[in-house]
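Structural features, examined
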Amino acid sequence: IHPREVFAPAVRERAAAVIVVHNHPSGDPSPSPEDRDATRRLRAAGEIVGIPLLDHVIIGERSFYSFREEGDW
């Protein structure tokens, strides 16, 4: 995930905030090190452009992982 790909439409649409959601085909929604890194980069980019990242949610087979709810912020 590159911040410019996430925030380009948000800037174009004058979004007030964004929530990022993706799935893990394995069915396990536990975040990978790459997911954690992407979340940190997206939060930093959102602060710069003035469009906060409200949450990053990973969808699994029967559950989900919310960085915000888990305090992994």
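So, here is what we can say about the structure in this document. Each chain has its residues counted from 1, following the order in which its sequence is written. Owing to the predicted nature of the model, reporting of local features is limited to residues with pLDDT of at least 70; listing and counting of side-chain atom pairs is limited to 80 or more, with chain, interface and lining totals taken over all residues. The side-chain quantities take in all heavy atoms of the structure and omit both hydrogens and water.

1. Some details on helix α2 (residues 33-49)
- Counting from the N terminus, the helices are DSSP H or I runs at least four residues long and the strands are E runs at least two residues long. Helix span, expected: 1.5 Å multiplied by one less than the number of residues in the helix. Taking 1.5 Å as the rise per residue, α2 with 17 residues should run 24 Å; its terminal C-alpha atoms sit 24 Å apart, in good agreement.
- The elements touched by buried residues of α2 are α1 (3-12), β1 (18-23) and β2 (53-59).
- Note on α2: the residue one or two positions beyond its end, Gly 50, has a positive phi of about 80°. Contact criterion: two residues are considered in contact whenever any of their non-hydrogen atoms come within 4.5 Å of each other.

2. Some remarks on the pairing of β2
- The buried fraction of β2 amounts to five of the seven residues, a majority that puts the element mostly inside the structure.
- One bridge is not enough; two strands pair if DSSP finds at least two bridges between them. Bridge count between β1 and β2: six bridges; the pairing is parallel. Bridge pairing in β2 links His 22 to Ile 58.
- The definition of a right-handed crossover adopted here requires that, viewed with the strands pointing away, the path from the first strand over the helix to the second runs clockwise. Note that the unit made of β1, α2 and β2 has a crossover that is right-handed.
- With three bridges connecting them, β2 and strand β3 (residues 64-66) associate as antiparallel partners. When the bridges of β3 are listed, Ile 58 appears paired with Tyr 65.
- As consecutive antiparallel partners, β2 and β3 are separated by four residues. Buried, partly exposed and exposed residues are distinguished by accessible area as a fraction of the type maximum, computed with a 1.4 Å probe on protein chains only: under 20%, between the cut-offs, and over 50%, respectively.

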